[in-house]
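As a plain string of letters, each chain reads:
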Amino acid sequence: MGRLSRRAFALAALSTLTSASGASAAPAQGAAAPGAPGRRAGEMRGVWLATVQNRDWPSRPGMTAAEQRTELLAHLDTAVRGRLNTVILQVRPTADALWPSPYEPWSQFLTGTQGVAPGWDPLGTAVEEAHARGLELHAWFNPYRVANHTDPARLVASHPARRHPDWVVPYGGKLYYNPGLPEVRAFVQDAMLDAVRKYPVDAVHFDDYFYPYPVAGQTFDDDAAFDRYGGGFTDRAAWRRDNIDRLVLEMAARIKRIRPATRFGISPFGVWRNAGTDPLGSDTRAGVQTYDDLHADTRKWVREGWIDYLVPQLYWNIGFAAADYATLLPWWAETARGSRTKLYLGEALYKAGDPAQPAAWQDPAELSRHLTLARGHAEVRGHVFFAAKDVAADRIGAMARVVADHYQRPAKPPR
């Protein structure tokens, strides 16, 4: 009964939410009527700005505050030059913070030492400077990843994972919070929502890490949590999916209570299920399925309208046998049809020109073809590119080709 009442409460809270609305943006060049294929008045043109392992920014740990700020502003300026309109900044990469948080320590990716203040407020600056440039700033959080190693002693002494070792599961060479513990789910929400209370972020954004990606020969040890809280389920996988469902529902409702104009978006791995597993799935043969392996029922979140937007990571080329972009695009469009959840597509700019990638990714026009194909599906409201340093470097001119072919004029993001 307790489980049902909590779910009912979350569903009731979410049912009161409506899609954010606002004045219509000026049409982009060649804009079509609402609902028609082609470019709409509002179009997501986003870029992920990753901080984990200093992937995009800061380019190395231990830079001075002035150096960090200069690099951050350069990324925002690059987005503007490319006629993008949204920056998705990773502000909680490993159970840490890029803002002064009472819940979690300062990120080690800023100073090189976890818990050491960088001497400025990166998230506050990012929001202010993005808005000054006409960009939206989406705060990107990883809910459950604690560390990219398995030694709790390497965490700062005050870290919640050290104060609550029973919350933590080592798996695949990393540490994770256990999604099956209600106290963990409440804590990670509180930690993330602290940023929403403090800053006018345009959206809260989750990536693809819920339960961790499977590692051969290893088991995610949540036996004790399942024994204690999984009594209503005979199937552990269904219990795990319920844990993630509740995280999503509760976050959606709490975000709207704290800051009603702030949206909630999620960017999952691009395959929900293969058709060989489930007739509702896509005609793919992907080695990972979010429903089964990450215990994230991403299709349900879209169909039920639990979240404001979804950005499936369609990080494959047109014609890729196991997961063809041209196959997944219409599958996701059909999934989003009739839902309040807006659909954007995640694009693998980082693969363009990478010699380790297939021949298709050596062609500067591959990504532009993705956008051309997407224009035939009215449900697709834009694209997000991974990631910022690849936008800046543009190794073979793939991003320049996208801009020339599709972004001739600025566009506001859809609302």
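Residues numbered from 1 in each chain as written. Predicted model: local features only at pLDDT ≥ 70, side-chain atom pairs only at ≥ 80, totals over all residues. Heavy atoms only, no water.

(A) The arrangement of the nonpolar core in detail. If you look at the biggest cluster of nonpolar residues, it comprises 120 residues, and the most contacted ones within it are Tyr177, Phe206 and Phe264. If we ignore the near neighbours within four places in the chain, the residues touching Phe206 are Phe141, Pro143, Met192, Leu247, Met251, Phe264, Gly265, Ile266 and Ser267. (Core = buried A, V, L, I, M, F, W, Y, C linked by side-chain atoms within 4.5 Å. Buried < 20%, exposed > 50% of the residue type's maximum accessible area, 1.4 Å probe, protein only. Contact = heavy atoms within 4.5 Å.)

(B) Representation of the pattern of salt bridges. This structure, assessed with the given rule, holds 28 salt bridges. Arg263 is the salt-bridge partner of Glu136, the closest N and O atoms lying 2.4 Å from each other. Placement of Glu136 in strand β3 (residues 136–141) and of Arg263 in strand β8 (residues 263–266) is noted, with a sequence separation of 127 residues between them. By relative accessible area, Arg263 is classed as buried at 4%. Glu250 serves as the salt-bridge partner of Arg185, at 3.0 Å between the closest nitrogen and oxygen. Residue Arg185 is located in helix α6 (residues 182–198), and its partner Glu250 is located in helix α8 (residues 236–258); the two are separated by 65 residues in the primary sequence. Judged on exposure class, the residue Arg185 and its partner Glu250 are both buried. What you see here is one network of salt bridges that share partners, running through Arg69, Asp77, Glu129 and Arg133. (Salt bridge = Lys/Arg side-chain N within 4 Å of Asp/Glu carboxyl O. Helix = DSSP H or I, 4+ residues; strand = E, 2+ residues; numbered from the N terminus.)

(C) Spatial organisation of the sheet that holds β3. Read around the barrel, 8 strands follow the order β1-β2-β3-β7-β8-β9-β10-β11 and close on themselves; strand pairing throughout is parallel. Bridge analysis of strand β1 (residues 44–49) against strand β11 (residues 380–386) gives 5 bridges, and the strand direction is parallel. Looking across to β11, one finds that Arg45 is bridged to His383. In the packing of helix α4 (residues 122–132) onto the sheet, contacts are made with β2 (86–92) and β3, and the angle to β3 comes to roughly 150°. Packing of α6 onto the sheet brings it into contact with β2, β3 and β7 (203–206), and relative to β2 it is tilted by some 135°. (Pairing = 2+ DSSP bridges. Axes fitted to C-alpha atoms, helices over the stretch in contact; angles between N-to-C directions.)

As far as function goes, none of this settles anything; it's purely spatial.
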